[in-house]
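Per-entry structural report
Okay, here's what each chain looks like letter by letter:
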Amino acid sequence: MGDYYFQMDRLSVGYNGKPLIHDICIDIEKGEIVTLIGPNGSGKSTILKSITRQLKILGGNVYFDDKDLFGIPLKKLSTKMAVVLTERMKPELMTCHDVVATGRYPYTGKLGILTTNDEKKVEEAMAAVHAGELGSRDFNAVSDGQRQRVLLARAICQEPDIIILDEPTSFLDVKHKLELLSILRKMAKEKGITVIMSLHEIDLAQKISDKIVCVKGDTISHYGIPEEIFREDIIKDLYEIDNGFFDPCFGSIELPRPEGEPQVFVLSACGTGIPVYRQLQKKNIPFAAGILYTNDIDYQLARLLAAEVIAEEPFSEISDTAYEKAIEIIKKCRTVVNAGVSIGSCNQRMQELIKEAEKLGKIK
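Quick look at the structure, then. It should be emphasised that the depicted structure is a prediction, and the values quoted were computed from it without experimental measurement. (Residues numbered from 1 in each chain as written. Predicted model: local features only at pLDDT ≥ 70, side-chain atom pairs only at ≥ 80, totals over all residues. Heavy atoms only, no water.)

Examining the packing of aromatic side chains
Within this structure, the stated rule accounts for four aromatic pairs. Arranged with centres 5.4 Å apart and planes meeting at 85°, the rings of Y5 and F64 form a pair that is edge-to-face. Linking Y5 in the segment before strand 1 (6-15) with F64 in strand 4 (residues 59-64), this pair joins segments that are 59 residues apart in sequence. An angle of 55° between the planes, with centres 5.7 Å apart, marks the rings of F6 and F64 as tilted. Of this pair, F6 sits in strand 1 while F64 sits in strand 4, placing them 58 residues apart in sequence. The same class applies to F6 as to F64, namely buried. Note that R104 overlies the ring of Y107, its terminal NZ or CZ placed 4.3 Å from the centroid. (Phe/Tyr/Trp six-rings, centres within 6.5 Å; stacked < 30°, edge-to-face > 60°. Helix = DSSP H or I, 4+ residues; strand = E, 2+ residues; numbered from the N terminus. Buried < 20%, exposed > 50% of the residue type's maximum accessible area, 1.4 Å probe, protein only. Lys NZ or Arg CZ within 6 Å of the ring centre and 35° of its normal.)

Re the sheet that holds strand 1
One open sheet holds the four strands; their spatial order is 2-1-4-5, and the pairing between them is antiparallel. The open sheet terminates on both sides in strands that have one partner only, identified here as strand 2 (18-28) and strand 5 (67-68). Bridging between strand 4 and strand 5 involves two bridges; their strand directions are antiparallel. Residue F64 lies in a different strand from strand 5, and its bridge partner there is K67. Sheet strands touched by helix 1 (residues 44-51): strand 1, strand 2 and strand 4. Its angle to strand 1, the strand with the most contacts, is close to 115°. (Pairing = 2+ DSSP bridges. Contact = heavy atoms within 4.5 Å. Axes fitted to C-alpha atoms, helices over the stretch in contact; angles between N-to-C directions.)

Some details on the pairing of strand 13 (residues 264-268)
The element strand 13 is extensively covered by neighbouring structure, given that five of its five residues are classed as buried. Of the two faces of strand 13, the one holding V264, V266 and S268 and the one holding F265 and L267 are both buried throughout. Relative to strand 14 (residues 287-293), strand 13 runs parallel, the two being bridged by four bridges. Paired with L267 across the strands is G290, a residue of strand 14. Chirality of the crossover, the property in question, places the unit of strand 13, helix 10 (residues 274-282) and strand 14 among those that are right-handed. Pairing geometry for strand 13 and strand 16 (residues 335-340), over five bridges, is parallel. When the sheet's bridge partners are listed, S268 is paired in strand 16 with G340. (Right-handed = clockwise from strand over helix to strand, strands pointing away.)

What follows is the structure in structure tokens.
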């Protein structure tokens, strides 16, 4: 088994005895944040429901803290594992405080009576997710985002060693997405709580996760650190993207570049061209960009959005080939946009390019 805190060993999961995904081998260390990504219907939720014992596994084993997960009594497991799934809870006549308090039930007696200490932990959990003001409100009457924070508070007050969440950022606005993920990161790194979750927002998954699990087809297609997974080819294949691009530099999905010969030539450097590229893309105007060094942030986006890019190797003087190619394209374009270029010792010929565009009456 090794020294891993949570381990899926040749796990097979599915429904009605039919495997959906097989031979899942994932090793997770204590305090790691592991995120499942993949298209809708790929089986992310099925994996999470299986490792939380809501579905019967169809093969293999799951080990949790050196023990067979399925041999741990449910009462004991409920003090070690907290679960936040996507199914909508609709408890009758329960306040948000009541819902959070259910996270303490594994620690209470048969009557489920909370002690003063239990109540303190409920209040602390609600404060941690900034839901203290929701305590007296009907759980069914609050917004989706508020409901999600309450459910996370319930998981926190359970004081688990591991939290499993299925699409926890669904229904949340940007502020509360960031807030929720920040809370999870703090719990993982300061308290050593292991987090396993699924996310649709791959840009956020890239930024928060220690490990990424790519779920596609009947197997796990990739598993590793974000730097290994978030590559243009892997994400394109995982989501079968044929109408745009994934940009690993920005962690963003980009719409397709405008088709056709360049109508505009953009002169830029060090990020000044990015807003111009996006404006031209929105207007569906094909454009060229240059002369850009390949380590320039403008180049990273231009290679995806521009119809043509004239590039040079970093810290090299602009060659005759690149300069003449730029002049050739400028002559064909109707407009040249000078988005801002800082002239240095290596790119002095950019000044010549600007003057040539001015002579042609194309500079804007």
